[in-house]
Amino acid sequence: MTPGPTPVPPEVLLAQASPMIHHRAPIYTEIILEVLEDLKYVFQTKNDIIMFASSGTGAMESAVANCFSAGDKVLVVSIGNFGARWAKISEAYGLNVTLLDYEWGTKADPADIEKALAADPDLKGVLVTHSETSTGVVNDIETMGAIVAKTPAIFIVDAISGLGASDMQTDNWNVDVCVAGSQKALMTPPGLAFASVSDKAWQAVETSTLPKFYFDYKKSRDALHKAEPQSPFTPAVSTILGLAVALKMIREETLENVFARHHVNAAATRAGVKALGLELFGTEDPNAHSVTAVKAPGDVDGQAIVKSLRVKYGITTAGGQGKIKGKIFRIGHCGYYDKFDILSLLAGLEMALVGLGHEVTAGAGVAAAEQVFEANS
Ligand SMILES: Cc1ncc(COP(=O)(O)O)c(C=O)c1O
């Protein structure tokens, strides 16, 4: 139960074990066209989606390399570790970064973005995180998108851990480039990254002079728009075969029900943790469906809880990152999870805490979570 890689359904694993197909054969075209349509459903977009054989960071890097030129001014909005990554990538490409840096655990204030854009009309882009995996907090992308849409700046969103877990309406919310990865709520192993590209972003791509080769959006678009759509380079065929099945599962459940399942799982996790007397880290938000970040109680180190859960109970969770390492632990519930995953986790957490010498009422977390599930059944 980490925020990725997440559990992979058996149907997806089986599809990955299928015999290899060649990526220049008609069967590949058939599969990829369907995968891209299903991805558009999950991204809630009509835009082209570019796919890379990389982790999510590759898609983040692709957005920077394709939308800007050296020296361009961009506004990076950071509420945690992955917001900070936007600044690092932008700086690596020689962009001029203005950083809106918030305390970890808080949400960004869209009004600050409005002010920053008004103060500097030369800003060419705004880069932000949807679900900030290091803290569990989800930003208000809709309000931010409406603000950025009124300016010439490109709105770039990292939805790597949020897409398919919390609502992320790429087109309705004016997101120009939305990036995601296969290994979170898309229930597929790591290795695929995606970027949806709006018309406004394509205009920026046309003038961008930053160096790129593998991550060149135009190469991908040209291959995609051939009579028999393809990928310019060898794609991660087996992972795509798995993704095709995972996306069908999402379509069958419907995005609305997928979000609702995540919503209840997250609410039950929060209720369970609080019933154990633990404190949540950061802004409590009913829309934060991917990760629950929990403060380690004063007498126990967060890393010790993670270790005990893994070693004694076979449950893998995540520790804190960067400056909050040891102070929190994180429970991932984006993707292929249901009630009994949450209940087992809470039972394990109770036992781990007791084992580490922290007093809790055995069963209190599980009971509180059960109440949430019953109320939503
Ligand atoms: C919000 C967010 N952004 C970026 C990344 C980096 O993705 P990857 O590790 O796939 O490169 C992650 C991965 O945890 C993430 O959760």
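Quick caveat: nothing in here was measured; it's all calculated off a predicted structure. Throughout this description, residue numbers start from 1 for each chain and increase along the sequence as written. With pLDDT at 70 or above as the cut-off, local features in this predicted model cover only qualifying residues; side-chain atom pairs require 80 or more to be listed or tallied, and sums for whole chains, interfaces and linings still use all residues. To obtain the side-chain values, all non-hydrogen atoms of the structure were included, while hydrogens and water were left out.

1. A closer look at the site of the ligand
Piece 1. Taken together, 14 residues form the shell around the ligand, and within it Ser55, Thr57, Thr133, Asp158 and Lys184 come nearest.
Piece 2. Contacts described as polar in this section are N or O atom pairs within 3.5 Å, which, within protein, must combine one atom able to donate a hydrogen with one able to accept it, while residues neighboring in sequence count only if both atoms come from side chains. Contact distances for the ligand include 2.7 Å between an oxygen atom and a side-chain N or O atom of Gln183.
Piece 3. Note that accessible areas follow from Shrake-Rupley with a 1.4 Å probe, and for residues the cover is restricted to the protein chains shown. Surface burial for the ligand is 87%, taken as the share of its 390 Å² of free accessible area covered by protein chains.
Piece 4. At the level of elements, α3 (56–67) and α4 (81–92) are the ones that each hand at least two residues to the shell around the ligand. When we say a residue is near a molecule or strand, we mean one of its heavy atoms is within 4 Å of it. Under the scheme used here, helices are H or I runs from DSSP no shorter than 4 residues and strands are E runs no shorter than 2 residues, and both carry numbers assigned from the N terminus.

2. Structural notes on the pattern of salt bridges
Piece 1. Just to be clear on terms, a salt bridge is a Lys or Arg side-chain nitrogen sitting within 4 Å of an Asp or Glu carboxyl oxygen. Summed over the entire model, instances satisfying the criterion amount to 16 salt bridges.
Piece 2. Arg221 serves as the salt-bridge partner of Glu206, at 3.5 Å between the closest nitrogen and oxygen. One end of the pair, Glu206, is in helix α7 (residues 199–207); the other, Arg221, is in helix α8 (residues 217–224), and 15 residues separate them in sequence.
Piece 3. Buried means the residue's accessible area, taken with a 1.4 Å probe over protein chains only, is under 20% of the maximum for its type, while exposed means over 50%, and partly exposed covers the values in between. What makes Glu206 partly exposed here is its relative accessible area of 46%.
Piece 4. Linking Glu253 and Arg261 is a salt bridge whose minimum nitrogen-to-oxygen distance equals 2.7 Å.
Piece 5. Exposure remark for Glu253: the relative accessible area of 26% places this residue in the partly exposed category.
Piece 6. By relative accessible area, Arg261 is classed as buried at 17%.

3. Section: the domain arrangement of the protein
Piece 1. The assigned domain composition of the protein is domain 1 (10–252) and domain 2 (255–375).
Piece 2. The C-alpha centroid of domain 2 is placed 28 Å from the C-alpha centroid of domain 1.
Piece 3. Should any heavy atoms of two residues lie within 4.5 Å, those residues are considered in contact. Residue-level contacts link 30 residues of domain 1 with 23 residues of domain 2.
Piece 4. One can count one salt bridge joining domain 1 with domain 2. For each domain, the first and last residues come from an automatic or database assignment.

4. Remarks on the sheet that holds strand β1 (residues 48–52)
Piece 1. In this scheme, strands are said to pair when DSSP sees at least two bridges between them. Strand order in the open sheet formed by seven strands is β1-β9-β8-β7-β4-β2-β3, with mixed pairing between adjacent strands. With one partner strand each, in any of the chains shown, β1 and β3 (96–101) form the two edges of the open sheet. When the angles between neighbouring strand axes are averaged without regard to direction, this sheet yields 20°.
Piece 2. Bridging between strand β2 (residues 73–78) and strand β4 (residues 123–129) involves four bridges; their strand directions are parallel. Counterpart to Val76 in the pairing with β4 is Leu127.
Piece 3. Relative to strand β7 (residues 154–158), helix α6 (residues 141–149) is tilted by about 160°, and along the sheet it contacts β4 and β7. Only the stretch in contact is used when a helix axis is fitted, and all axes are lines through C-alpha atoms; the angle between N-to-C directions ranges over 0 to 180 degrees.

5. Brief notes about the sheet that holds strand β12 (residues 328–332)
Piece 1. Taken in spatial order, the three strands make up an open sheet running β10-β12-β11, and their pairing is antiparallel. The outermost strands of the open sheet, each flanked by one partner alone, are β10 (291–295) and β11 (318–319).
Piece 2. With five bridges joining them, β10 and β12 adopt antiparallel strand pairing. Each bridged residue has a counterpart across the sheet, and for Lys295 the counterpart in β12 is Ile328.
Piece 3. Where helix α10 (residues 255–275) meets the sheet, it contacts β10 and β12, and its direction lies at approximately 10° from that of β10.

6. Things to note about the nonpolar core
Piece 1. To define a nonpolar core, start from buried Ala, Val, Leu, Ile, Met, Phe, Trp, Tyr and Cys residues and group those joined through side-chain atoms within 4.5 Å. Counting residues in hydrophobic clusters, the biggest one holds 56 residues, and the most contacted among them are Val35, Leu39 and Phe194.
Piece 2. Taken domain by domain, this core gets at least three of its residues from each of domain 1 (10–252) and domain 2 (255–375).
Piece 3. Once residues within four sequence positions are removed from consideration, Leu39 is found in contact with Ile49, Met51, Leu186, Phe194 and Leu247.
Piece 4. Ranked by size, the runner-up nonpolar core spans 33 residues in total, among them Ala65, Trp86, Leu95 and Ile154.

7. Examining the environment of Glu279
Piece 1. Inspection of the secondary structure puts Glu279 in the loop between α10 and β10.
Piece 2. For Glu279, a relative accessible area of 48% translates into the label partly exposed.
Piece 3. Expressed as a C-alpha distance, the spacing of Glu279 and Glu370, which sit 91 residues apart in the sequence, is 19 Å.
Piece 4. When neighbours within four sequence positions are excluded, Glu279 is seen to be in contact with Val294 and Lys295.

8. Quick look at the pairing of β12
Piece 1. Buried residues dominate β12, accounting for five of its five residues.
Piece 2. By the bridge criterion, two bridges tie β11 to β12 in an arrangement that is antiparallel. Within the sheet, the bridge partner assigned to Gly319 lies in β12 and is Phe329.

9. Focus: α7
Piece 1. Those residues of α7 not exposed but buried are Ala201, Trp202, Ala204 and Val205. For α7, the arc enclosing every buried residue in end-on projection is 160°, short of the 170-degree limit, so these residues lie on one face. Opposite the buried face of α7, by more than 90 degrees, sit the exposed residues Asp199, Gln203 and Thr207.
Piece 2. Against β1, α3, β7, β8 (177–181), β9 (193–197) and α8 lie the buried residues of α7. Our arc is simply the arc of the directions from the helix axis toward the C-beta atoms.

10. With respect to α3
Piece 1. Helices are assigned an expected span. That span is 1.5 Å times one less than the residue count. The end-to-end C-alpha distance of α3 is 17 Å, a good match for the 16 Å that 12 residues give at a rise of 1.5 Å each.
Piece 2. The buried fraction of α3 is high, at 10 of 12 residues.
Piece 3. All of the buried residues in α3 are Gly56, Gly58, Ala59, Met60, Ser62, Ala63, Val64, Ala65, Asn66 and Cys67.

11. Some thoughts on the packing of aromatic side chains
Piece 1. Pairs were defined over the aromatic rings of Phe, Tyr and Trp, the Trp ring being its six-membered one, requiring ring centres within 6.5 Å. Orientation was assigned from the angle between planes: stacked under 30 degrees, edge-to-face over 60, tilted for the rest. Counted according to the given criterion, the structure contains eight aromatic pairs.
Piece 2. Between Phe43 and Phe194, the aromatic rings sit 6.5 Å apart at their centres with planes inclined by 85°, giving edge-to-face as the arrangement. Taken together, the residues span a long stretch of sequence, with Phe43 in helix α2 (residues 26–43) and Phe194 in strand β9 at a distance of 151 residues. For the pair Phe43 and Phe194, one class covers both residues: buried.
Piece 3. Their ring planes at 70° and their centres at 6.2 Å tell us that Trp202 and Tyr217 sit as a pair that is edge-to-face. Taken as a pair, Trp202 in helix α7 and Tyr217 in helix α8 lie far apart in primary sequence, 15 residues in all. The two residues Trp202 and Tyr217 agree in class, both being buried.
Piece 4. Here the aromatic cluster, defined as three or more aromatic residues joined through ring pairs, consists of Phe52, Trp202, Phe213, Tyr214, Phe215, Tyr217 and Phe233.
Piece 5. Any Lys NZ or Arg CZ that is within 6 Å of a ring centre and within 35 degrees of that ring's normal is treated as a charge sitting over the ring. One Lys or Arg, Lys219, reaches over the ring of Phe213 and ends 3.8 Å from the middle of that ring.

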